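Residues per chain are reported as follows:
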Amino acid sequence: MKNMLLKHYEIYPKMQLRDAVKLAFQSEFGGGHMIRSEADSLQRLKDEYNTLQVSSDLNKMFEDIGTGMCRLNLGSLEGISLDTVNRFFVVSANTAKGSVGEFEKKLACIIKCCEERLLPFDTDEAEAYIKELKEKGYPPVSHSEEYRQAYKPAYRVVKAQFKKFFRLFERIEQMLATQDVLTVAIDGNSGAGKTWLAVLIKSVYDKEKDGTEEGLQYGCNVFPMDHFFLTPERKTEQRLNENGGNIDHERFLSDVIGGIKNREPFSYRPYDCRVQALAQPIKILPKRLNIVEGCYSMHPNLAENYHLKVFMEIDPETQKNRILKRNGAAMLKRYVREWIPLENNYFSNLDIKNNCDLVFNGDF
């Protein structure tokens with residue numbers, strides 16, 4: 001927090017004490033206090049954006065404020081719709097989990113910086129101001145008039161994950177503007193965050209609206225490749241020696257890819273590894289955006305059906321730590337002994353990473 005405060009003071013030397021407190025508040029709690037409803041939030045965003053002079057400086061679009069939060073500067077916005085920016089904001093607000101205790105540590109840091117004369121605010125005044133805020137229950141504060149006049153702040157507080165994956169959202173936006181149906185594949189190392197990324201995308205685009213003229217619903221479907229591992233009777237030595245042969249790409253092609261292309265409701269039966277059999281059917285309503293996530297999703301028999309291909313990579317040590325935390329020690333041994341070598345052979349022999357449109361490091 002100290003480094004963040006001093007960095008912002010360097011960039012914004014007219015920053016006042018209340019602006020420093022606002023920075024601490026946003027880094028801890030986000031901007032959810034601004035949202036009365038999603039529709040109201042969007043209208044306010046549009047009204048504010050229409051008053052701005054847009055600079056299109058992508059380097060200034062995101063500004064880190066600590067604790068995994070960013071300010072998305074509207075004046076530098078480019079390549080993505082205001083509807084999606086509002087979804088970034090709403091999703092971030094709904095998932096922010098700040099605590100009063102951590103916020104008070106940040107306030108203490110502000111006072112410490114005043115004591116050390118790293119910030120130009122009187123220590124006694126800072127302590128009195130923060131004490132007054134505490135007595136009121138720490139309400140959110142607005143920027144100072146000095147800050148507003150000097151910098152004309154116009155931003156939304158969003159999670160830093162939207163900065164990391166902005167290029168992906170930008171590509172999705174561009175494609176949705178010209179295509180009725182978009183299918184995105186996310187392949188990569190176990191533990192790299194493929195499922196997490198698919199959920200993030202879905203949280204932004206899975207809106208509850210009526211269908212388009214083509215009868216498709218707005219929103220997003222996610223299809224895990226884990227639902228398509230081979231059933232025991234199909235696990236022959238010959239099949240398992242194929243690159244990516246332990247996935248039932250034939251069934252995925254017919255049941256899921258075929259269903260997406262038909263643009264009609266369909267269903268498929270997921271593989272349940274606990275009982276090593278196919279489970280009850282999952283019913284799928286067609287949606288404009290479809291995410292296929294999981295290792296082997298870029299199998300050569302499937303790859304030509306995707307409009308956008310994403311690879312998630314991770315270093316081996318972080319991968320092991322995540323699998324251990326997620327699956328336990330016994331399963332980690334199986335991953336290391338069996339599944340990770342199979343995945344790595346598939347990646348290497350079929351040059352999966354280099355055939356992807358976007359590559360991200362899953363270390364976040």
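Our structure's up above, just so we're on the same page.
Note that the structure is a prediction, hence the values are computed from the model and not measured.

*Asks:* So what's going on with the overall build of the chain? Residues and values would help.
*Replies:* Looking only at helices and strands, the chain features 14 helices and twelve strands. Within the chain, buried positions represent 47% of all 364 residues. Summarising the internal contacts of the chain: among those between residues at least 6 apart in sequence, 74% fall at separations of at least 24. Counting every atom, the chain has about 18,500 Å² of accessible surface; 47% of that belongs to carbon and sulfur.

*Asks:* Which residues make up the sheet that holds strand β3 (residues 155-159), and what values go with them?
*Replies:* Spatial strand order, β1-β2-β3: three strands in an open sheet with antiparallel pairing. Each edge of the sheet is formed by a strand with only one pairing partner; in this case those strands are β1 (62-66) and β3. When strand polarity is set aside, the average angle formed by the axes of neighbouring strands in this sheet is 30°. Here four bridges tie β1 to strand β2 (residues 69-73), and the two strands are oriented antiparallel to one another. Bridge pairing in β2 links D64 to C70.

*Asks:* Go over the pattern of salt bridges with me, naming the residues and quoting the values.
*Replies:* Evaluation of the coordinates by the stated rule reveals 21 salt bridges. Here D206 makes a salt bridge to K202, at a shortest N to O gap of 2.9 Å. The class for D206 is buried, based on a relative accessible area of 19%. Classification of K202 as partly exposed rests on a relative accessible area of 29%. In this structure, E313 and K353 form a salt bridge, with 2.8 Å as the shortest nitrogen-oxygen distance. Of this pair, E313 sits in strand β11 (residues 308-313) while K353 sits in the loop between α14 (329-349) and β12 (358-361), placing them 40 residues apart in sequence. What makes K353 partly exposed here is its relative accessible area of 34%.

*Asks:* Talk me through the state of the cysteines; I want residue IDs and the actual numbers.
*Replies:* Under the definition given, this model contains zero disulfides. Note on C109: no disulfide assigned, nearest cysteine sulfur contributed by C113 at a separation of 4.3 Å. In this structure C273 is not part of a disulfide, and its nearest cysteine sulfur, from C295, lies 15 Å away. For C273, a relative accessible area of 58% corresponds to the exposed category.

*Asks:* Go over the packing of aromatic side chains with me, naming the residues and quoting the values.
*Replies:* Enumeration over the complete set of coordinates arrives at 22 aromatic pairs. Both rings, one in F88 and one in F162, keep their centres 4.2 Å apart while their planes meet at 20°; by these two values the pair is stacked. Pair noted here: F88 is in helix α4 (residues 82-95) and F162 is in helix α8 (residues 160-164), with a separation of 74 residues, a long-range link. Pair check on accessibility: F88 and F162 agree, each one buried. When the centroid spacing of 6.2 Å and the interplanar angle of 20° are considered together, the rings of F223 and F266 count as stacked. Of the two residues, F223 sits in strand β5 (residues 217-224) while F266 sits in strand β6 (residues 266-268), which places them 43 residues apart along the sequence. There is no split in this pair, since F223 and F266 are both buried. Three or more aromatic residues joined by ring pairs form one cluster here, namely F223, F228, F252, F266 and Y268. The lysine or arginine in question, R156, covers the ring of F89, its NZ or CZ lying 5.8 Å from the ring centre. Taking NZ or CZ as reference, K164 lies 5.8 Å from the ring centre of F165, over its face.

Calculation notes
- Residues numbered from 1 in each chain as written.
- Predicted model: local features only at pLDDT ≥ 70, side-chain atom pairs only at ≥ 80, totals over all residues.
- Heavy atoms only, no water.
- Helix = DSSP H or I, 4+ residues; strand = E, 2+ residues; numbered from the N terminus.
- Buried < 20%, exposed > 50% of the residue type's maximum accessible area, 1.4 Å probe, protein only.
- Contact = heavy atoms within 4.5 Å.
- Areas by Shrake-Rupley, 256 points an atom, 1.4 Å probe, with all protein chains shown as cover.
- Pairing = 2+ DSSP bridges.
- Axes fitted to C-alpha atoms, helices over the stretch in contact; angles between N-to-C directions.
- Salt bridge = Lys/Arg side-chain N within 4 Å of Asp/Glu carboxyl O.
- Disulfide = S-S within 2.5 Å.
- Phe/Tyr/Trp six-rings, centres within 6.5 Å; stacked < 30°, edge-to-face > 60°.
- Lys NZ or Arg CZ within 6 Å of the ring centre and 35° of its normal.

Treat this as a map of the structure, not an account of what it does.
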